[in-house]
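# Residue-level structure breakdown
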Amino acid sequence: MPAVTQQTPNFLGGVSRQNDDKKLSGQLTECINGYPDPTYGLLKRPGMAFTNVLKKANGTPFTEAELANSTWFFIERGAAGSYVGAIKGANVYVWTAENGTWCTVNNTGSAYLTGTSVNDYHFRSVQDVTVITNKTVTTAMQAAGSYVADSVGTLMLKTLVEGYEYTVSIQGISATATAQPSTTYDDMLKFNAGDINGNHHLVDAVYSLISAQQAASNSNFSGKWYLEGYLNSLVIKRTSGSNAIITDYSAVSGTPLAFEIEAYGGLSNDALSVFTDDLPVVADLPLTSFHNHHIRILNSAADEDDYHLKYVAYDGLHGRGYWQETVARDASPGLNASTMPHELVNTGATTFDFQPITWAARAAGDDVTSPIPSFIGYPITSTFFYNNRFGALSEDNIIFGVANDPYNFFVKSAITQIASDPIDLNVSSVRPVKLFDVLPSPQGLIIFSERQQFQVFTTDGSVLSPTSATVRSLSNYEMDTNTSPVDVGTTAAFLSKVPGYSKLFTLQLRDLEQNPIVVDISKNVLEWIPATIDTVTVSPQNSLIMLIDRGSSYIYLYRYFNNGEKDLFQAWTKWQLPGTIQSATIINDSLYLISQHEDEYTLGAVSLDEIPTGDTVATSTGAEGNPCLDMYTRPVQPTAGVNAVVYDEANDVTKIYVPFTPFQQREAAMILTVPEADEGTAAELDADAGYWATAYERTETGTGYRYFEVKGNFTDYADGIIVGYPYDLEVTLPKFYFRPTDVSVDFTATLTISRVKFSVGRTGAVKFKLKAVGSNQWVDIQHTADADYYSGDSNPVKPERQFTVPIHQRNTNFELKVTSNLPYPVSLVSMMWEGIYSPRFYRRA
C-alpha cells in the first residue's frame, strides 16, 4: 500500500455533471460565485457595486408593482454614454447606466406600445437611434390613392396647316375649327375673350360647344369646365358645381367628373389627337401642362412596363416645367407609420424622443412595378442594419431597404432596376420557417429561425444588390425564439430549450459552400442550466458568455481561453446575486444589472477585469478596486443636516445611512478602506484598511431613514467606510481518484486521503467544509495553521499561500468544499492530495 500524491494543476475545468470518475482534472461538482481566470486561477467573483435606485422624474423610487413584468433593454453608445430602459404599458422609461439618472422621454408613439408580454418587443440600437419593434403589430400600407378616370382630357395639336379641319367630340357632340393662313398655335389653343371664333380657333370651338350645351340644359355638360391652353395642347377638365366655363387657369375646385372626348384632324386624321389618363409612348407627351398633371405611359399591353409621370411646373401652377416619374394615382403612397417600428432618439444627455419613424414615401410605380414589402400584412419580428441597408424579418422573408437610405423600402424608379433598390428574399424550405433574428458575419448575414438557420450572401462577392443577393440553408438546429443569438468574437452563440433545461450552442461559419461547425458547449452541464433562461449576453474580449435567469438570483457563466490554436480551458460556473434579476448586459467590460428587492428596483455594476488585489480606495460616491461585497456603496446623507455616519453613544453603535432599502433579515458587512484623499500618503495607516465588521439593517423610527448598524464608534473612519453584502464562494470538489495517466482513472483501487494541500494566490481567509456520505450537513474542518504575519492597517490578503487540510478518510466517504463569505478576494491556483493507494494486487494494464 504505497503512499502516493497527485496534483490538480488548476480549477479551470468548471462544473461538470459527469460522474466523478469521468470528470477531467480540474473539473468541479459545483461552483457558485467563481470566476475562472487564466492568469490568477479560480477567483471569487467580483462584487456588485450599487449604482442607484431607479426613480421617477419627481425623485421617488418606482415600486415593485409599477415596473412588474416590464420589458427591459439597454442602449450602448460607448464614450457617448449608455442607458437602461424599460417599457411598461404605453410608457417608455430610460435611465443612464453610469449613475441611474432619470431621463426625460417625450413619448408621441404610445399607441404603438400594445405588447402584453416581456418578449413582445425587439430592440436594435445604432448611434443615437434605438429602433423598437412591437412583434404583435400587423404592418399595413397607407390607404390607396383614388381618382376619377377620364375627368381630364388633353388635346394634342401635332401639326398646324392652313385649311386643315380639327374636330373635337365631347359627350358625343362635335365641334370643328378650320386653320386660317394667319392662325397660330396660340390662336388655336389659348382662349382670347375678345376674339371668339368657333370656326377658326380650336379653343373657341370647344368653348362654344360646351356653352351651347349648357344653355340647352344638357345634363351631360353640367358642372364646371376648365379650358387651359399650353404650347401644343389644350387641357379640358370637368368638376362638380354650378354650370360654368373657366378659362383663367383658376385653381380647380369640386369633385372631378368623367366625360367622353374624341378628336381628329388633318388629311390622315393625325394632326390632332386626344388622351385622358394614359399615353401609349412617352414621345406623345405634351411639351407643357398644369402642375401635377398625372399620366401613365403604357408602352405595351403588359403591366410590367407601365410607369407614371407627373408634370412639375416651375411656378407650382402651370406652364414651364418638366415631367417627373411618380407613383400611380391609385397606389398607396407608402407605409403606415403607426403600424411600423418606432424609434427612440437620444436628443441630449438625459433626453429622448419616442416617435413613429418617418418612412420614405413611395416614389414611383404601382404594386406591380414597385412591389410592397413582403412584411406588409404580417408582424415584423426583428430589424437590423447590414451593408448600408436597414432591414426587417417577417414570417419567412428577409427584406432589405434601399442602400444608404435607411427607412426606404421602395424602388426609386419603375423604369429600370438599380443596385441600390430594395431586396426581398424568401427562405421557404420543406419545413415551416418563421425568422426571428440576425447576426452579421464576414461570410454574410446569418438568419435564425426556430428550427433552421440561413445565410444571406452575394454570389460573386460584390456589393449586396437585388441581382447578387442569395440565401442558403446553413443548419437545422432548434432555437429559443425569445432569446436573441449573440456574437462571441468569431462565432455565434444561441440558446436551445427542451423540457426542463436549456442548451447553449456555438455556430462557426467556414467557406461559403461548407457546412458550419456547430458545438453544444453545455454538454458537460446537461440539465444544469434551467429552462427559464431568457437573456444571453457576451463579452468577446473577456471570452465570456452569460445566461441570465430573469425572475431568479442566478447567472450561468461560460468562460474559455483560446491561445490562437485551441481552447486551453472551458468552464461553467454559476453566480448568485442579491435580489431578483430583471435584466443584465455587458457593456465595456462591466456587467450592468437591474434587480428588484424589497419594494424597489436597483441598478448595479460588476467590473469583470479588476485585478484581485484586495486593495480598495473609497471615493466620494463609490470605490475603486474590487471589494468582495454586493450592493457595496459609500454612506450617504439621508437628508440635509444629517451626517452619513452617526455614532449613537447610548447604544454604542454606528449608524451608516445607505441610499437603498436594505434586505430584511440579512446581515451586511462594513469594511474600512483607504480614503481617496489619503491615497499615497502616510495617512493610509489611519484608515485601518482591511478591517471589517458585521452590519445589521435598520429603519429609523419616525423618519424612515435606512441605515446599517455596526457595534462601536467608527465615525473617525467615515471617509473610508464601504458597506455591502458579503457573498459565498462555494467550490465543491469531486471525489479524489488516483490517475495513472491524464486520461485514465483508477476507480477500483482502495484510496485513503490523508490530507489535501491548496495553493492559493491573492487570497484572504477561506474555509473548508466536509460532508460525510449519507449526510446532508456540511461540517467545518480546520486547516493546519502555519505561523505567519500580515502588515497592520492593510488588507489581510497575501499574494501566495498554502493551506493544508487533514482528511484521513476513504476517498468515497466524503465530499470537500472550499468556501469564503468574507469581503476579501480568493484565488484558487492548484491542489495536491496525499494518501495511501492500494491496487489490491491487481495488475493495471
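## Here we look at the pattern of salt bridges
By the definition in use, this model includes 22 salt bridges. We note a salt bridge from arginine 124 to aspartate 437, for which the minimum N-O separation is 3.0 Å. In this pair, arginine 124 sits in strand β12 (residues 121–126) while aspartate 437 sits in strand β34 (residues 435–441), placing the two residues 313 residues apart along the sequence. Exposure remark for aspartate 437: the relative accessible area of 3% places this residue in the buried category. Residues joined by salt bridges that share partners form a network here, namely Asp20, Lys23 and Lys735.

## Quick word on the environment of valine 766
Relative to the helices and strands, valine 766 resides in the loop between β60 (750–763) and β61 (767–772). The spacing of valine 766 and serine 820 is 54 residues in sequence and 4.8 Å in space, taken between C-alpha atoms. Setting aside chain neighbours within four positions, we find valine 766 in contact with His783, Phe803, Thr819, Ser820 and Val826.

## Considering the layout of surface pockets
Counted as a void, the second largest pocket has a volume near 700 Å³. Along its surface, the second largest pocket is lined by 30 residues, and Ala49, Phe50, Thr51, Glu98 and Gly622 are the ones closest to its centre. Of all the elements in the fold, those that place two or more residues in the lining of the second largest pocket are β7 (49–53), β47 (590–597), β48 (600–607), β50 (623–625) and β51 (630–633). For the lining of the second largest pocket, the element with the most residues is β7, which contributes four residues. Class assignment for the residues of the lining of the second largest pocket results in 12 nonpolar, 14 polar and four charged.

## Points about the packing of aromatic side chains
All told, the structure shown has 44 aromatic pairs when counted by the stated rule. Taking 6.4 Å as the distance between ring centres and 75° as the angle between the ring planes, the aromatic pair formed by tryptophan 528 and tryptophan 572 counts as edge-to-face. Of this pair, tryptophan 528 sits in the loop between β41 (517–520) and β42 (535–539) while tryptophan 572 sits in strand β45 (residues 567–576), and the two are 44 residues apart along the sequence. Accessibility expressed as a relative area gives 8% for tryptophan 528, which makes it buried. Exposure remark for tryptophan 572: the relative accessible area of 3% places this residue in the buried category. Summarising the aromatic geometry, the rings of phenylalanine 736 and phenylalanine 814 are spaced 6.1 Å apart at their centres and angled 40° between planes, so their arrangement reads as tilted. Taken together, the positions of phenylalanine 736 in the loop between β59 (729–733) and β60 and phenylalanine 814 in strand β64 (residues 814–820) put the pair 78 residues apart, joining distant regions of the chain. Cluster of aromatic residues (ring-pair linked, three or more members): Phe62, Trp72, Tyr93, Trp95, Trp102 and Tyr601. Directly above the aromatic system of tyrosine 727 lies the positively charged group of lysine 44, at a separation of 4.9 Å from the ring centroid. The lysine or arginine in question, arginine 329, covers the ring of tyrosine 147, its NZ or CZ lying 4.4 Å from the ring centre.

## A closer look at the sheet that holds strand β20 (residues 261–265)
One open sheet holds the three strands; their spatial order is β16-β15-β20, and the pairing between them is antiparallel. Taken across any chain shown, the strands that pair with only one partner, and hence form the sheet edges, are β16 (173–178) and β20. Between one strand axis and the next, the sheet turns by 15° as a mean value, whatever way the strands run. Taken together, the six bridges between strand β15 (residues 165–170) and β16 define a ladder with antiparallel strand orientation. By the bridge assignment for β16, isoleucine 170 is matched with isoleucine 173. Helix-sheet contacts for helix α2 (residues 202–215) involve β15 and β16, and the interaxial angle to β16 is about 150°.

## Structural notes on unusual backbone geometry
Positive phi is not limited to glycine here, since aspartate 652 has a value of about 55°. One can find aspartate 652 in the loop between β52 (645–648) and β53 (653–657). With a relative accessible area of 32%, aspartate 652 lands in the partly exposed category. A positive phi angle, close to 55°, is found at glutamine 665, a residue other than glycine. Take glutamine 665: it is sitting in the loop between β53 and β54 (668–672). The class for glutamine 665 is exposed, based on a relative accessible area of 77%.

## Here we look at the pairing of strand β39 (residues 491–498)
Most of β39 sits out of view: six of its eight residues are buried. As paired strands, strand β38 (residues 486–488) and β39 are joined by three bridges and run antiparallel to one another. Looking across to β39, one finds that valine 486 is bridged to alanine 493. The hairpin formed by β38 and β39 contains two residues between the paired strands, and glycine 489 there has a positive phi angle of roughly 75°. The hairpin formed by β39 and strand β40 (residues 501–508) contains two residues between the paired strands, and glycine 500 there has a positive phi angle of roughly 100°.

## Points about α2
Taking 1.5 Å of rise per residue, the 14 residues of α2 would be expected to cover 20 Å, and the 20 Å separating its terminal C-alpha atoms lies within 8% of that figure. Within α2, the full set of buried residues consists of Leu202, Val203, Asp204, Ala205, Val206, Leu209, Ile210, Gln213 and Gln214. Just beyond α2, the residue with positive phi is serine 217, at close to 60°.

Analysis parameters
Residues numbered from 1 in each chain as written. Predicted model: local features only at pLDDT ≥ 70, side-chain atom pairs only at ≥ 80, totals over all residues. Heavy atoms only, no water. Salt bridge = Lys/Arg side-chain N within 4 Å of Asp/Glu carboxyl O. Helix = DSSP H or I, 4+ residues; strand = E, 2+ residues; numbered from the N terminus. Buried < 20%, exposed > 50% of the residue type's maximum accessible area, 1.4 Å probe, protein only. Contact = heavy atoms within 4.5 Å. 1 Å grid on protein atoms, 1.4 Å probe; cavity = no way out; pocket = protein on both sides within 12 Å on 5 of 7 lines; lining within 4 Å. Points joined across faces, edges and corners; volume = space filled by probe spheres on them. Nonpolar A, V, L, I, M, F, W, Y, C, P; charged D, E, K, R; others polar. Phe/Tyr/Trp six-rings, centres within 6.5 Å; stacked < 30°, edge-to-face > 60°. Lys NZ or Arg CZ within 6 Å of the ring centre and 35° of its normal. Pairing = 2+ DSSP bridges. Axes fitted to C-alpha atoms, helices over the stretch in contact; angles between N-to-C directions. Expected span 1.5 Å × (residues − 1).

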